[in-house]
Amino acid sequence: WRCVTYPMAASISPHELRASSSSSSSFGELEGEEDVEDVVEEVVEDMSETELCLLLDEQAGGALLACRSVIRMDRASTSSPAATSLLEHGFLVVDGAVSSLIAKAALDDVLEIDDTFTAPTLASDDSQETPYRTDVHAWLHREKPPLTDRPALARAYEALHRLGDDIARDAGARLRGGREVQLAVYRTSGRYARHRDALPLGADDDDDDDSNSNKNENDGNLTTQRRRLTIVLYLSSASPDGKDGGALRLYRPSPANGYEDVIPSAGCAVVFLSGAIDHEVLSLEDTGYVRAALTLWMH
């Protein structure tokens, strides 16, 4: 990422700069926008996505604060645990969100076709010896394969959408209707390094228009920046003692800090604010465990 910042403008507005020129200001005589632009210096810096997120977090008073406007308590269900947990922690773990039978039947479908999935094209992080992401994945669309010829996977897909609707309603989430769904599979040594699904921007805009609520998933120009809620649904179960690896590590936003590891369990779901929570998939051990999960991003 290339970041452009304006150190002076952060504390002094153009109006204040013009006003200061009438007195003996160190800025000299400023009489128009051109003069202001001459004084306000740009600082251009290349930075990683993680560094950019931390900078934006700091400017917003914290990632969680920047994204909290996604949740509207005046719209949320009374004493909604979803709204409370998302507001206080930025994430929510829902055990038994979907029937484990539905999840495991979908897994059977996945294991028959995952050799046709796409390997990630993300570049390796130069600071690390291992690749940034080492799963295989497929974007899912309701009217296209594999959903059209894999009924068990299609049932899990629809269950995930219903879960998303329930979570969004209970939390009073401000959403525009766009959605993306990805199926990802990790095998031995598979991992996904720490990252965030969206930058902590745009969540506090004033757009309360619900007219787009019927947009199709993966519609047109949807981008990762529009992601507001991430919902991960596990189709397979790892060993409860963690020996299989593959846990989802959720990093608590400042000021809480620290992290929480969620061990995959078929039918369990993890919900978090896309622009607030850094997370990673820990490396799978050589135990034969296959980690499969559906991820729904709600815009």
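Look a little higher up for the structure.
Residues numbered from 1 in each chain as written. Predicted model: local features only at pLDDT ≥ 70, side-chain atom pairs only at ≥ 80, totals over all residues. Heavy atoms only, no water.

### Quick notes on the nonpolar core
1) Next: Core analysis: the largest hydrophobic core is formed by 69 residues, its most contacted members being Ile 71, Ile 231, Leu 235, Leu 273 and Leu 294.
2) Next: If one sorts the elements of this core by residue count, helix 7 (residues 151–171) sits on top with nine residues.
3) Next: The residues contacting Ile 71, other than those within four sequence positions of it, are Ala 83, Leu 86, Leu 87, Ala 171, Gly 172, Ala 173 and Leu 273.
4) Next: Within the second largest apolar cluster, five residues are counted, among which are Met 47, Leu 52, Cys 53 and Leu 199. (Core = buried A, V, L, I, M, F, W, Y, C linked by side-chain atoms within 4.5 Å. Buried < 20%, exposed > 50% of the residue type's maximum accessible area, 1.4 Å probe, protein only. Helix = DSSP H or I, 4+ residues; strand = E, 2+ residues; numbered from the N terminus. Contact = heavy atoms within 4.5 Å.)

### Re the sheet that holds strand 8 (residues 248–251)
1) Next: Within the open sheet, the four strands sit side by side as 6-11-8-9. Their pairing is antiparallel. A single partner strand is all that each edge strand has here, and the edge strands are strand 6 (192–195) and strand 9 (259–262). Direction aside, the axes of adjacent strands within the sheet are offset by 15° on average.
2) Next: Taken together, the four bridges between strand 8 and strand 9 define a ladder with antiparallel strand orientation. (Pairing = 2+ DSSP bridges. Axes fitted to C-alpha atoms, helices over the stretch in contact; angles between N-to-C directions.)

### Focus: the pattern of salt bridges
1) Next: Under the criterion given, the structure shown has 13 salt bridges.
2) Next: Among the salt bridges present, the one from Arg 169 reaches Asp 166, with a minimum N-O distance of 3.1 Å. Taken together, the residues Arg 169 and Asp 166, both in helix 7 and three residues apart, mark about one turn of the helix.
3) Next: Classification of Asp 166 as partly exposed rests on a relative accessible area of 34%.
4) Next: Among the salt bridges present, the one from Glu 260 reaches Arg 252, with a minimum N-O distance of 3.7 Å.
5) Next: Glu 260 sits in the partly exposed class, given a relative accessible area of 29%.
6) Next: The exposure class of Arg 252 is partly exposed, given its relative accessible area of 31%.
7) Next: Linked through salt bridges whose partners overlap, the residues forming this network are Asp 109, Glu 112 and Arg 150. (Salt bridge = Lys/Arg side-chain N within 4 Å of Asp/Glu carboxyl O.)

### Concerning the packing of aromatic side chains
The description of two aromatic rings rests on the distance between their centres and on the angle between their planes.
1) Next: Following the criterion strictly, the structure yields three aromatic pairs and no others.
2) Next: Relative to Tyr 192, the ring of Tyr 132 has its centre 5.6 Å away and its plane inclined at 70°; by these criteria the two rings are edge-to-face. Of this pair, Tyr 132 sits in the loop between helix 6 (100–113) and strand 4 (136–139) while Tyr 192 sits in strand 6, and the two are 60 residues apart along the sequence. Like Tyr 132, the residue Tyr 192 is buried in the burial classification.
3) Next: Taking 5.8 Å as the distance between ring centres and 45° as the angle between the ring planes, the aromatic pair formed by Trp 139 and Trp 297 counts as tilted. One end of the pair, Trp 139, is in strand 4; the other, Trp 297, is in strand 12 (residues 291–298), with 158 residues separating them in the sequence. (Phe/Tyr/Trp six-rings, centres within 6.5 Å; stacked < 30°, edge-to-face > 60°.)

### Considerations on the environment of Arg 194
1) Next: Position of Arg 194 among the secondary structure elements: in strand 6.
2) Next: Along the backbone, Arg 194 and Glu 280 are 86 residues apart, and their C-alpha atoms lie at a distance of 4.3 Å.
3) Next: Apart from the residues lying within four places of it in its own chain, the contact partners of Arg 194 are Tyr 132, Tyr 251, Asp 278, His 279 and Glu 280.
4) Next: Of the polar contacts made by the side chain of Arg 194, one reaches the side chain of Asp 278; its length is 3.1 Å. (Polar contact = N/O pair within 3.5 Å; in protein donor to acceptor, adjacent residues only side chain to side chain.)

### A short note on the sheet that holds strand 7 (residues 229–234)
By way of backbone hydrogen bonds, the strands of a sheet pair with one another, either parallel or antiparallel.
1) Next: Strand order in the open sheet made by the six strands is 3-10-7-12-5-4, with antiparallel pairing throughout. Strands at the two margins of the open sheet, each flanked by one partner only, are strand 3 (91–94) and strand 4. Taken over all neighbouring pairs, the strand axes of this sheet differ in orientation by 20° on average, direction set aside.
2) Next: As paired strands, strand 5 (residues 179–186) and strand 12 are joined by eight bridges and run antiparallel to one another. Bridge pairing in strand 12 links Arg 179 to Met 298.
3) Next: Packing against the sheet, helix 5 (residues 81–89) makes contact with strand 3, strand 7 and strand 10 (269–273), and its axis sits at approximately 140° to strand 3.

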